[in-house]
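Listed below are the residues making up each chain.
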Amino acid sequence: MRAEGETSSPNGTSRPFSNGSGASPLHKAAISNSTNGRRKSPVATNGSATNGHSGTKPRPPYFGHDREEVTRILIQALTDMGYNGAATSLSQESGYELESPVVAAFRNAVLQGEWQEAEELLFDGSTEGGVSISGTGLSLQEGVDKNVMRFWLRQQKFLELLEKRETGTALMVLRLELTPLYQDTAKLHFLSSLLMCRTTEELKIKAEWDGAQGGSRHQLLSDLSKCISPAVMLPEHRLAILLQQVKRNQISNCMYHNTATSPSLYQDHSCDRNNFPVRTYLELDKHTGEVWQVQFSHDGSRLASCGEDGQVIIYDIETFEVLQTLADHEAGVCSLAWSPDDSMIVTCSLDRRARLWNTETGKIKRVLDDFREPVSSCVWAPDGRTFVTGCLDKVRNLCQWNLNGELVYDWGRNHRVQDLAVSPNGHRLVAMDTENQLHIYNFVTRELEYELDLKAKTSSISISQNSRYLLVNKKDGQARMLDLDTREAVRFFQSGDRGGLNVIRASFGGANESFVITGSEEGYIYIWHKENGQLIEKLEGHEKGCCTAVSWNPANPCMFASAGDDQKVRIWSNQEPRLKPSQAPRESNGSQRESNGW
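As the structure is a prediction and not an experimental result, all values here were calculated from the model. (Residues numbered from 1 in each chain as written. Predicted model: local features only at pLDDT ≥ 70, side-chain atom pairs only at ≥ 80, totals over all residues. Heavy atoms only, no water.)

1. Considering the overall build of the protein
- The secondary structure content of the protein amounts to 11 helices and 30 strands.
- By the burial criterion, 53% of the 598 residues in the protein qualify as buried.
- As presented, the protein carries roughly 27,100 Å² of accessible surface, and 47% of it is formed by carbon and sulfur atoms. (Helix = DSSP H or I, 4+ residues; strand = E, 2+ residues; numbered from the N terminus. Buried < 20%, exposed > 50% of the residue type's maximum accessible area, 1.4 Å probe, protein only. Areas by Shrake-Rupley, 256 points an atom, 1.4 Å probe, with all protein chains shown as cover.)

2. Some words on the pairing of strand β8 (residues 333-338)
- Burial analysis of β8 places six of its six residues in the buried class, the great majority of the element.
- Connecting β8 to the antiparallel partner strand β9 (residues 344-349) that follows it, the hairpin turn spans five residues, and D342 within it adopts a positive phi of roughly 65°. (Pairing = 2+ DSSP bridges.)

3. Examining the nonpolar core
- Counting residues in each nonpolar core, the largest one holds 42 residues, and the members touching the most others are F106, V110, L122, F158 and I228.
- Those elements that provide at least two residues to this core are α4 (101-112), α5 (115-123), α6 (146-163), α7 (167-178), α8 (185-193), α9 (200-207) and α10 (216-225).
- Broken down by element, the residue count for this core peaks at eight residues, all from α6.
- Ignoring any residue separated from it by four or fewer positions in sequence, one finds V110 in contact with W115, A118, L153, R217, L220, L221 and L224.
- Counting 18 residues, the second largest nonpolar core, distinct from the first, contains Y281, F296, V322 and V569. (Core = buried A, V, L, I, M, F, W, Y, C linked by side-chain atoms within 4.5 Å. Contact = heavy atoms within 4.5 Å.)

4. With respect to the packing of aromatic side chains
- Scanning the model with the defined rule gives 15 aromatic pairs in all.
- Aromatic pair Y409 and W411: ring centres 4.9 Å apart, planes at 90°, arrangement edge-to-face.
- Given the relative accessible area of 29%, Y409 is considered partly exposed.
- By way of ring pairs, the aromatic residues Y256, F276, F515, W552, F560 and W572 are connected into one cluster.
- Directly above the ring of F123 sits R150, whose terminal nitrogen or CZ lies 4.2 Å from the centroid. (Phe/Tyr/Trp six-rings, centres within 6.5 Å; stacked < 30°, edge-to-face > 60°. Lys NZ or Arg CZ within 6 Å of the ring centre and 35° of its normal.)

5. Overview of the environment of S94
- Tracing the sequence through the fold places S94 in helix α3 (residues 84-94).
- Residue classification places S94 among the buried positions, given a relative accessible area of 6%.
- Put simply, S94 and R72 are 22 residues apart on the chain and 9.5 Å apart in space, counted from C-alpha to C-alpha.
- A distance of 2.7 Å separates a polar atom in the side chain of S94 from the backbone oxygen of L90.
- For S94, the side chain forms a polar contact with the main-chain oxygen of S91, separated by 3.5 Å. (Polar contact = N/O pair within 3.5 Å; in protein donor to acceptor, adjacent residues only side chain to side chain.)

6. Structural notes on the sheet that holds strand β18 (residues 437-442)
- Spatial strand order, β16-β17-β18-β19: four strands in an open sheet with antiparallel pairing. The sheet is open, and its two borders are formed by β16 (417-422) and β19 (448-453), each paired with just one other strand. Sheet twist, expressed as the mean angle between neighbouring strand axes with direction ignored, is 20°.
- Summarising the sheet, strand β17 (residues 428-433) and β18 pair through five bridges and their orientation is antiparallel. Paired with A431 across the bridge in β18 is H439. (Axes fitted to C-alpha atoms, helices over the stretch in contact; angles between N-to-C directions.)

7. So, α3
- Of all the positions in α3, only A87, T88, S91 and S94 are classed as buried. Mapping the buried residues of α3 onto a view down its axis gives an arc of 150°, with all of them on the same face. The exposed residues of α3 that point more than 90 degrees off its buried face are Q92 and E93.
- Packed against the buried residues of α3 are α2 (67-80).
- Trailing α3 by a residue or two, G95 shows a phi angle of about 85°, which is positive. (Arc of directions from axis to C-beta.)

8. Some words on the side chain of K474
- Examined against the element boundaries, K474 turns out to sit in strand β21 (residues 469-474).
- Contacts of K474, omitting those with residues within four sequence positions, involve A456, K457, T458, S459 and R480.

9. With respect to unusual backbone geometry
- One non-glycine residue with positive phi stands out, namely R165, at about 65°.
- Under the relative-accessibility criterion, R165 is labelled partly exposed at 38%.
- Located in the positive-phi region is E513, a residue other than glycine, with phi close to 50°.
- Within the element layout of this structure, E513 appears in the loop between β24 (506-509) and β25 (515-518).
- According to the relative accessible area criterion, E513 is buried, its value standing at 15%.

Read these as geometric descriptors, not functional statements.
Below, the structure written as structure tokens:
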């Protein structure tokens, strides 16, 4: 299809509690085995003063690694796994201990909400090796802003006072303790607005905070611990993190890694090319014109294709029989989008209409005909209640609609939209115009965040499942991965294709979206490793004309589909080719099509 014409810091809110969401066995041990941290626990100190080496010979490194570091990490890991007896025995036999009494007292103060004591333990007096010399205090990482740490502590104190409905005291904390720290003014204004919350539930929703009895204190402790010297307070779950880094490194160096299964630690990891989808498993030839897009349903059980003949064909992935043919369009269908629950599809046509379909019955639910130019693209809001259309006109080119076909919002911009993408977390909407520009909107407030000029004609856009990366396919044969937060280019994927005027769609795919895949003007399919940008496959996809679109099955990493100007949809797999499905008559929505495809 030819394109028309020739773009965190902790704040007391809830976060993914990957390393501080609940009281780990180590946390519980630190609390239960010390009275405010003053009584030595079996695995409580870092051994700075009593590491068992007095009068003994220094022990050799462990295969080049610092013996004390390895031992303390093992003690922590044993405690995390619940092997407290083994952790105690290792501590006693080695003479190394995990945390000092000061660290245990600090941990206890944060988890028990003793905010003044927590500040005193952090900042009062001087330290040597993490142990107090005069007063109490902990060694911090170099360059840490102490006021930032104070702000985090006092912010938690403020929120907990609001939770207890002690509004007057909370206001005093805001004025006398938080404001003098001169942190983010916008954050202070936001905290001030929380004073107006009428209920605890409203407070938690507005602040995105789960309360004192939730995971907020543990998350605060986790954030603070990152600012404390690791020699004093070992980062949480250190062994697990190190092992995960080893696995990630092996996966990133494995060219054909395409499984969600975690590699074994017992041996070095590698994957065989024979398990990668490099073979044409099946060729589908139901279209009578160029095929412009293919897209799997979110559950991977169905595949939809559309194109020049004005048909949208939905296949069952088990049998590749046709389930539905959506045939009401009066011109080519250039884009389609499954609803989040796969019960509906929006189609965008050159006949200047967008249509909402029931995918189970194949019947039209709504027709949107408020456009003066072709409707180029569509995306769903993650909640499935609304969808957004892009149009090649200078009016109504970016509009949000509800399921009744009613206009919810018109951005009122004058850019002609070629393609759209919404981040899975619902935070951002990206519109690609017909020139060189990307327009990035806050999808919640609908305000424009920023614009990017790529200095080259663009073809398609796609956002990763983690909502962080934007993949932009350009018409010069290069795909570019951008970080939506930093606005910087992360990686380039160069195909060597000559480029051209057609819309070529690229996307992320494979297990954990480990790959970038795109078609090309010359009919080839290119697959790169996302992490290192290495081209790993160049497949002969569609011989007669360009390969316009590719879609990786989200439920089966060993299957993707491609579409091309040769009127074919190809299914790629790691399995041997199979015969075409039986020539059963296609179901339709009742519209009869003439011999010319209309």
